[in-house]
Amino acid sequence: MIVAGEVRLYTGWVHNESRISDQVEFEGTVDGETAVWDREFEPIQIDYANRDVEEYQYQNATVKSKNDEIWRERLKPVAAVAGVLLVGILLVVSVLSRRR
């Protein structure tokens, strides 16, 4: 699977531009290559006083679509085996119901 995210180096609060040292994004695989690129700072809107507000989560649509494609490829053999098992079970049930 592809792993992507962002790394922010702060010396102040995360929701404003005070004392931002760096912000980068990365994309890579475990035990593989990792690409890193600089990003312009984008403030995170987090309300620590109100826990009903959803916390910030990194989103990367390109990586999500790549990982969805990887999962589809990995599930093809599983779907084939499940299909064969289903047909086998239906045949056994059909044979047993005719004997009664």
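In this report, the structure presented in the accompanying data block is examined.

### Here we look at the overall build of the protein chain
Right, on to step 1. Broken down by element type, the protein chain carries one helix and three strands.
Right, on to step 2. Beginning at the N terminus, the succession of helices and strands in the protein chain can be written as β-β-β-α.
Right, on to step 3. A burial count over the protein chain gives 13% of its 100 residues as buried.
Right, on to step 4. Considering only residue pairs separated by 6 or more positions, the protein chain has 44% of its internal contacts joining residues 24 or more positions apart.
Right, on to step 5. Total accessible area on the protein chain is roughly 8,300 Å²; 57% of this is exposed by carbon and sulfur atoms.

### A look at the environment of T29
Right, on to step 1. Along the chain, T29 turns up in strand β2 (residues 20-29).
Right, on to step 2. Taking C-alpha positions, T29 is 5.7 Å from V3, a pair spaced 26 residues apart along the chain.
Right, on to step 3. If we ignore the near neighbours within four places in the chain, the residues touching T29 are M1 and I2.

### What about the side chain of Q23?
Right, on to step 1. Structurally, the position occupied by Q23 is in strand β2.
Right, on to step 2. Residue Q23 is classed as buried on the basis of its relative accessible area of 4%.
Right, on to step 3. Contacts of Q23, omitting those with residues within four sequence positions, involve E6, V7, R8, D38, R39, E40, F41 and E42.

### What about unusual backbone geometry?
Right, on to step 1. Look at D31: it is not a glycine, yet its phi comes out positive at around 60 degrees.
Right, on to step 2. Among the secondary structure elements, D31 is positioned in the loop between β2 and β3 (34-38).
Right, on to step 3. Take D31: its relative accessible area is 83%, and that puts it in the exposed class.

### Brief notes about the pattern of salt bridges
Right, on to step 1. Overall, the coordinates contain two salt bridges when judged by the stated rule.
Right, on to step 2. Between K66 and E27 there is a salt bridge, with its nearest N and O atoms 2.9 Å apart. In this pair, K66 is assigned in helix α1 (residues 61-99) and E27 in strand β2, connecting sequence segments 39 residues apart.
Right, on to step 3. You can call K66 partly exposed: its relative accessible area is 32%.
Right, on to step 4. Where K76 meets E73, a salt bridge forms, and the shortest distance between an N and an O atom there is 3.1 Å. Remark: E73 and K76 occur in helix α1; sequence separation between them is three residues, near one turn of the helix.
Right, on to step 5. For E73, a relative accessible area of 45% gives the class partly exposed.

### Overview of a nonpolar patch on the surface
Right, on to step 1. A contiguous nonpolar patch, built from M1, W71, L75 and V78 and spanning about 370 Å² of accessible area, is present on the exposed surface.
Right, on to step 2. What makes L75 partly exposed here is its relative accessible area of 44%.

### Considering the environment of N67
Right, on to step 1. Inspection of the secondary structure assignment puts N67 in helix α1.
Right, on to step 2. In this structure, the C-alpha to C-alpha distance between N67 and V3, residues 64 residues apart in sequence, is 8.9 Å.
Right, on to step 3. Those residues in contact with N67, other than ones at most four positions away along the chain, are M1 and I2.

Conventions and cut-offs
- Residues numbered from 1 in each chain as written.
- Predicted model: local features only at pLDDT ≥ 70, side-chain atom pairs only at ≥ 80, totals over all residues.
- Heavy atoms only, no water.
- Helix = DSSP H or I, 4+ residues; strand = E, 2+ residues; numbered from the N terminus.
- Buried < 20%, exposed > 50% of the residue type's maximum accessible area, 1.4 Å probe, protein only.
- Contact = heavy atoms within 4.5 Å.
- Areas by Shrake-Rupley, 256 points an atom, 1.4 Å probe, with all protein chains shown as cover.
- Salt bridge = Lys/Arg side-chain N within 4 Å of Asp/Glu carboxyl O.
- Patch = residues over 30% accessible without salt bridge, like charges linked within 9 Å, V, L, I, M, F, W, Y side chains within 5 Å.

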